Amino acid sequence: MKGDYTLAIKTSIVDFVLRDPSTTKHPTVEKVSTQQEASKIKLAKIKLERKLYVINPCIAQLIDLWYSQFASLRIVDINYLMKRPRAYRLQDFQLTINKQIEKTKSILMDSYFGKVIDIFLTGSRSKNLPNPVHQKQFKKFYDCCSTLMSYHLQCLCLESLYDFMDYITDVKYKNKGFQINVIISDCRLIFEPSFADVKETLLNTIHLIISAVMNVPRLETILYLDYQGEPQYLKPIIPNLLVYEYITILEKLLEDQCNAPQLRLQDFDEYLPIISGEMDEKIKTFLIEKHTFEEYIAEILPLKATAESLPIVKEHVITLGIYDMHRTDLIQTLVSLALAMKDALIDQMTSDYQAICKGIKKFKDDLDLYATMVDEFENYGNIDELPMYHQKAQYLDAKLVQGLQRIDAFNEEEAAYGFELSQYPLRKATYEKLSPYKKLFDCAMDFINQHHAWTTSKIGSFDPEMVETEVGTAFRNIYKLEKMFSDRPVTQDLAMKVRFQIEDFKMNLPIVQTLGNPGMKPRHWEIVSDIIGFPLVVDAELTLGKILSYGLNQFVPQFEAISEAATKENNLEKNLNKMVAEWADIEFTIAPYRDTGTYILSAIDDIQVLLDDHLVKTQTMKNSPYIKPFEKQMIAWEAKLVLLQEILDDWLKVQATWMYLEPIFSSPDIQQQMPEEGRKFTTVDKVQNSHHLFK
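Nothing here was measured: the structure is a model prediction, and the numbers come from that model.

1. Section: the overall build of the protein
Scanning the protein from terminus to terminus reveals 26 helices and seven strands. Against the globule reference of 26 Å for 695 residues, the protein gives a C-alpha radius of gyration of 61 Å, more extended than a compact globule. Based on the C-alpha atoms only, the size of the protein along its principal axes is roughly 185 × 110 × 55 Å. Counting every position in the protein, which comprises 695 residues, the buried fraction comes to 39%.

2. Let's talk about the packing of aromatic side chains
With the rule as written, the count across this model stands at 28 aromatic pairs. When the centroid spacing of 5.3 Å and the interplanar angle of 75° are considered together, the rings of Phe70 and Tyr112 count as edge-to-face. Here the residue Phe70 occupies a position in helix H3 (residues 57-70), and Tyr112 occupies one in helix H5 (residues 90-125), the gap between them amounting to 42 residues. By relative accessible area, which is 5% here, Phe70 ends up buried. Classification of Tyr112 as buried rests on a relative accessible area of 1%.

3. Comments concerning the domain arrangement of the protein
Split by domain assignment, the protein resolves into domain 1 (41-177 + 188-238), domain 2 (265-357), domain 3 (380-580) and domain 4 (586-690). One C-alpha centre belongs to domain 2, the other to domain 3, and the line joining them spans 66 Å. Every contact between the two is made by ten residues of domain 2 and, on the other side, four residues of domain 3. Surface buried jointly by domain 2 and domain 3 totals about 690 Å² across both partners, of which 66% is contributed by carbon and sulfur atoms. Looking only at domain 2, the three residues that lose the most surface to domain 3 are Phe293, Tyr353 and Ile356, adding up to 64% of its buried area. Summed over the shared surface of domain 2 and domain 3, the result is zero salt bridges. Breaking the side of domain 2 that touches domain 3 down by element, the ones donating at least two residues are helix H13 (293-313) and helix H14 (328-375). Ranked by residues supplied to the side of domain 2 that touches domain 3, first place goes to H14 with four residues.

4. Looking at the pairing of strand E3 (residues 188-192)
Consecutive residues of a regular strand have side chains that alternate between opposite faces of the sheet. Where strand E2 (residues 178-185) meets E3, five bridges bridge the pair, whose relative direction is antiparallel. The residue bridging Ser185 from the neighbouring strand is Arg188, located in E3. Turn length for the E2-E3 hairpin, with the two strands adjacent in sequence and antiparallel, is two residues, and the turn residue Asp186 shows positive phi of about 55°.

5. Remarks on the environment of Met109
Structurally, Met109 can be placed in helix H5. Distance from Met109 to Ser68, taken between C-alpha atoms, is 17 Å for residues 41 residues apart in sequence. Discounting residues that sit within four places of it in the chain, Met109 has contacts with Gly114, Val216 and Pro217.

6. Details of helix H18 (residues 489-506)
With 18 residues, H18 extends 25 Å between its outermost C-alpha atoms, agreeing within 8% with the 26 Å of an ideal straight helix rising 1.5 Å per residue. Taken together, the buried positions of H18 are Thr491, Leu494, Ala495, Val498, Arg499, Ile502 and Phe505. Taken end-on, H18 shows its buried residues confined to a sector of 140°, consistent with a single buried face. On its buried face, H18 is in contact with helix H15 (386-416), helix H16 (425-456), helix H17 (464-484), helix H19 (509-515) and helix H21 (544-549).

7. A word on the side chain of Asn508
Within the fold, Asn508 resides in the loop between H18 and H19. Sequence-distant contacts of Asn508, that is, excluding residues within four places in its chain, are made with Leu548 and Asn553.

8. Remarks on the packing of helix H12 (residues 278-288) against H13
Put simply, H12 and H13 touch, their axes get as near as 12 Å, and they point 155° apart. Overall, the two elements H12 and H13 adopt an arrangement that is roughly antiparallel. Between H12 and H13 lies a crossing of left-handed hand. Contacts between H12 and H13 pair Met279, Lys282, Ile283, Phe286 and Leu287 from the former with Glu295, Tyr296, Glu299 and Leu303 from the latter.

Definitions and limits used
Residues numbered from 1 in each chain as written. Predicted model: local features only at pLDDT ≥ 70, side-chain atom pairs only at ≥ 80, totals over all residues. Heavy atoms only, no water. Helix = DSSP H or I, 4+ residues; strand = E, 2+ residues; numbered from the N terminus. Rg over C-alpha atoms; globule rule 2.2 N^0.38 Å. Buried < 20%, exposed > 50% of the residue type's maximum accessible area, 1.4 Å probe, protein only. Phe/Tyr/Trp six-rings, centres within 6.5 Å; stacked < 30°, edge-to-face > 60°. Domains from an automatic or database assignment. Contact = heavy atoms within 4.5 Å. Buried area = accessible area lost by both parts, 1.4 Å probe. Salt bridge = Lys/Arg side-chain N within 4 Å of Asp/Glu carboxyl O. Pairing = 2+ DSSP bridges. Expected span 1.5 Å × (residues − 1). Arc of directions from axis to C-beta. Axes fitted to C-alpha atoms, helices over the stretch in contact; angles between N-to-C directions. Parallel < 35°, antiparallel > 145°, perpendicular 65-115°, else oblique. Left-handed = near helix turned anticlockwise from the far one by under 90°.

Below is the structure:
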């Protein structure tokens, strides 16, 4: 308020005194009637000329200079801005404003301030300026100059602000607006520059206009070279309320103007899957999986239609109030993304087709190689190289089986793309030709490996029945294959050699079935040693091969009796051990009886059934003629079972009696009627409890 008042007073004084800026003298004072009054007027005139600085010729020229040459100056050249036929790019607008402000500052400092200095230098030579020696008068004079120049700068700033606000708010007439581009950033649509950037630029322009008049130095600091004081600047007063009002108007204008562009983003809602990256993820997932030709087409055609129609159906530039909404970059980006996804699908289709063609060609070459390798089998007859033959046959079989899977895959892809299915008769013919060779090698190697395991392991390691079954199966298979290769003599000769080996081993099966019995114990081997006339030590080195090397076939009838006894004794021993093992995890269950604090046996039905079953089995086994080797163990086991049965019977009998009598003698009435019997029951109950039978 104080500043506004001071400004108004100064303005009135200047307007009153300087009605004609070119006039340096005042009108002649009318003649007065007395000499005394004339003297007073003269003194007043001298005093005014000394203290009223606004009538100084230099100040009069200062005022004239401003109004004649710089009154039309503006910090921002609005006329230049209005000449632009289209909307500004924000960075171009900012650059233009900055250049104009710098240009105005240059005019103020170089032209205006230079001419002011020239005026005062001339005035100094004409003795129109106060002497610096008189500091008080000197300061007041240049304060007057500072006030006038500050006023001029204030007028410049206020008029520039007014013109700038008039330009900005006159949308689409004076102000052609600003360009904003719609772009994709972080999978969403944004404006570039943002509304915040536009707001910041326009508000900053107001502050730049104000700051442009704040750095003009006071005249005396430049005019006098010997000036040694602090740097001082003119202080034009720009009302904060006015600045706040302008800022509020701008903010309200920009807030209103941003609604329409945001609403027009909805024009691209149908392309949100592309914008958000959802479509890209879908295509990537699609490319990982296997799909038919029709499925590829179903994905490609919409992308192709989008790329072709989008530049046509969507406007590239839309004028919305203060903003020209440029969508060209967005449209081009969407088109590029759609084309990229379409090309990725087409490239994958092309790559898949080329891969199919390459795979089929290589597969056919492999089949030719496999057929040649199978043809070589008819010349393989060396039994010592049988492992190599077998390994080669397994390799070819695996490749041909895998080839069937590859054929299915090729046909599936061909069907997906609508191509004619390829046929591979050579694979089937090669596989069928390989099959008998592989069966021969498999069977021969199985027997050879088993024969090695049987003869090099400790005697009794294998079940004789299993050995006999395996030998019989191998013989039958080799015999059939030998007949099958009648037209291939080399292979037939190989099968015959294997058959001879099997027959040689079959002759030793009686030894295997008797001495190879797993039930043979040291006592049995002592009998065998007595029969053959030399001792046999049963250890890891006593293998079936070693037994066969002794040539003991003549003793087979005697071995059979020993083996039979060993088998039956072994079965009895196993049954005994099994019964013992079944009792290892048996637990007796006890439960509290009412509120007596005493526990009773419960849930013993399964235990009694098991006990009865084992007693029957034990008595049957005890009567067997083969029980003698472990007759003592059997008798001891029977005694345990009988004792357990007796204990359970007595326990349950006592428990049942106690459960019958306990509620009777626990009654106070019964104890009064039968005190002697009650005392006896209590005594027996304490004895039983002391033996922890029930507690």
